[in-house]
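Remarks on the overall topology
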Amino acid sequence: MKKLLVAVALSAAFGSAFAAEDVTIDIAVIGAGGAGLSAAVEATNLGAKVIVVEKMAFPGGNTVRAAGGMNAAATALQQAKGTFDTPEIAFFDTMKGGHWKNNPDLVRTLVTKASSSVEWLLALGGDFRDVGLMAGASQPRTHRPTGGALVGPEVIRTLTTAAKARNIDIRTNTDALEILKDKSGRVTGIKVKSKKDGEYTIHATAVVDAAGGFGANNAMVSKYVPRLKGFSTTNHPGATGEGVVLAEIQTHPTVVPNVGEMITEAVRGNGAVLINKEGKRFFNELQTRDAVSAAILKQKDGVAYLFFDSDMQKSLKATNNYIKAPYALSGE
């Protein structure tokens, strides 16, 4: 009897090795930091069904480590304290602090939208009512919890509370392995791996990749900035860049300019050749995508033409649709 009980216990212990069932949802969000949770809450507010996957054991990401506060100009809280501040003043302060090397378009978006972000979090029940002056600012515009407490934990508390109130499905200890696409390149969901349930697919009409950066992956950091090799980081241990790699895209060599239609690689595979504007064949069409793309971009105006004959057309039915399109020219 004892041996039988042991066998049953082992069977139960290994039950998690079986893959979980695939699920279908409106939006899949990768990452449960400030960006991912904000996206999930707002999407739910707009009527979408959302699943959030987070590789760590709990939500928060780097956001939970934020300390000073949220800079925002022309908020109601500033006005209540008699502080005169505008997005233009905040823009100047921010650009000056960055020695005018910042991308001005991004800075303008930041200073224009920050106040609505604070108001949104306040509406969700967050406490960001303490407005203080911090380095680099000409006006008090740093919004933080009452008494000047750390802002990051309050942002995450506010968002997780809002997510719970909306019954948003947050799946921790779950890695996003792949962003899935159909033959046309449209995103169709993500493949994930749970420590508990194994691999499965989340089918979705849209995917939000909010997995964060790679500050805790020094190999990746030093790849881009070699002088930082060996540096320590204040990033949380999960900021290792998998989400960045997931979203990397590869250029496709044959796309119709200004139309966006992709011409399948099978056209070249079945014998079509690439000709530039000078009427010359300039590269081996069967090289890898990156090499062919680079070769095309080196041609005059960065374009090329695919040439094929009727024998090749007969070998590939996909060409029948292409030759009917206005971008294709045919002749004897």
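Everything here concerns the structure above.
Residues numbered from 1 in each chain as written. Predicted model: local features only at pLDDT ≥ 70, side-chain atom pairs only at ≥ 80, totals over all residues. Heavy atoms only, no water.

1. Side note on the overall build of the protein
When helices and strands are counted, the protein shows twelve helices and eleven strands. Against the compact-globule benchmark of 20 Å for 332 residues, the protein has a radius of gyration of 26 Å, which places it well outside the compact range. Counting only C-alpha atoms and orienting by the principal axes, one finds that the protein spans roughly 80 × 80 × 45 Å. In the protein, once contacts between residues fewer than 6 apart in sequence are set aside, the share between residues at least 24 apart is 58%. A total accessible area of about 20,000 Å² is found for the protein, and carbon and sulfur atoms account for 57% of it. (Helix = DSSP H or I, 4+ residues; strand = E, 2+ residues; numbered from the N terminus. Rg over C-alpha atoms; globule rule 2.2 N^0.38 Å. Contact = heavy atoms within 4.5 Å. Areas by Shrake-Rupley, 256 points an atom, 1.4 Å probe, with all protein chains shown as cover.)

2. As for unusual backbone geometry
Excluding glycine, residues mostly carry a negative phi; peptide bonds, for their part, are mostly trans. Even without being a glycine, Ala74 presents a positive backbone phi close to 65°. Here Ala74 lies in the loop between strand S3 (70-71) and helix H3 (76-80). By relative accessible area, Ala74 is classed as partly exposed at 32%. Phi is positive for Asn173, close to 55°, though the residue is something other than glycine. (Buried < 20%, exposed > 50% of the residue type's maximum accessible area, 1.4 Å probe, protein only.)

3. Some remarks on the packing of aromatic side chains
A complete count under the given rule lists two aromatic pairs for this structure. On the numbers, 5.6 Å between centres and 70° between planes, the contact of Phe92 with Trp100 is edge-to-face. Accessibility expressed as a relative area gives 44% for Phe92, which makes it partly exposed. Over the ring of Phe91 we find Arg108, and its NZ or CZ is 4.0 Å from the ring centre. (Phe/Tyr/Trp six-rings, centres within 6.5 Å; stacked < 30°, edge-to-face > 60°. Lys NZ or Arg CZ within 6 Å of the ring centre and 35° of its normal.)

4. So, the pattern of salt bridges
On inspection of all chains with the given rule, the structure shows 13 salt bridges. Its salt-bridge partner being Arg186, residue Asp182 comes within 3.3 Å of it at the nearest N-O pair. Judged by its relative accessible area of 28%, Asp182 is partly exposed. Under the relative-accessibility criterion, Arg186 is labelled partly exposed at 48%. One continuous salt-bridge network, built from bridges that share partners, spans Asp85, Asp93 and Arg141. (Salt bridge = Lys/Arg side-chain N within 4 Å of Asp/Glu carboxyl O.)

5. Re helix H5 (residues 104-123)
Between its terminal C-alpha atoms H5 stretches 29 Å, which fits the 28 Å expected from 20 residues at 1.5 Å a residue. In H5, a bend of some 40° at Lys113 exceeds every other bend along the element. Residues Val107, Val111, Ala114, Ser115, Val118, Leu121 and Leu122 constitute the buried set of H5. If you follow the buried residues of H5, they end up packed against S3, H3, helix H4 (87-97), strand S5 (142-144) and helix H6 (151-165). (Expected span 1.5 Å × (residues − 1). Bend = angle between axes of the 7 residues up to and from the residue.)

6. Some remarks on the sheet that holds strand S4 (residues 130-132)
Read across the open sheet, the three strands follow the order S3-S5-S4; overall the sheet is antiparallel. Two strands close off the open sheet at either side, each with one partner strand: S3 and S4. Of the pairings in the sheet, the one linking S3 to S5 comprises two bridges and is antiparallel in character. In the strand pairing of S5, Met70 is matched with His143. (Pairing = 2+ DSSP bridges.)

7. A few points about the environment of Gly269
Mapped onto the elements of the fold, Gly269 is located in helix H9 (residues 266-269). Separated by 54 residues in the primary sequence, Gly269 and Gly215 place their C-alpha atoms 41 Å from one another.

8. Focus: the pairing of strand S1 (residues 23-30)
The side chains of a regular strand alternate between the sheet's two faces. Pairing analysis gives seven bridges linking S1 to strand S9 (residues 198-209), with the strands arranged parallel. Bridging across to S9, Thr24 finds its partner in His203. In the sheet, S1 pairs with strand S2 (residues 50-53) via four bridges, with the strands oriented parallel. Across the sheet, the residue bridging to Val29 is Val52, located in S2.

9. Examining the side chain of Thr83
Within the secondary structure, Thr83 sits in the loop between H3 and H4. For Thr83, the residues in contact, after removing those within four places along its chain, are Gln78, Gln139 and Pro140.

10. Here's the deal with the sheet that holds strand S6 (residues 169-171)
Within a sheet, each strand pairs with its neighbour through backbone hydrogen bonds, oriented either parallel or antiparallel. Spatial ordering of the open sheet is given by S6-S2-S1-S9-S8-S7, a layout of six strands whose pairing is mixed. Looking at the sheet topology across the chains shown, the edges are occupied by S6 and strand S7 (174-181). When strand polarity is set aside, the average angle formed by the axes of neighbouring strands in this sheet is 40°. Along the sheet face, helix H2 (residues 34-45) touches S1, S2, S6 and S9 and points at about 170° away from the line of S2. (Axes fitted to C-alpha atoms, helices over the stretch in contact; angles between N-to-C directions.)

11. A few points about the nonpolar core
In this structure, Val50 and Val52 are the most contacted members of the largest nonpolar core, which totals 26 residues. Of all the secondary structure elements, the ones that give two or more residues to this core are S1, H2, S2, H5 and H6. Looking at which element gives the most residues to this core, the answer is H6, with six residues. Not counting chain neighbours up to four residues away, the residues in contact with Val50 comprise Ile25, Ile27, Val29, Ala40, Ala43, Thr44, Ile168 and Asp169. Counting residues in hydrophobic clusters, the runner-up holds 13 residues, among them Ile179, Ile190, Val192 and Ile202. (Core = buried A, V, L, I, M, F, W, Y, C linked by side-chain atoms within 4.5 Å.)

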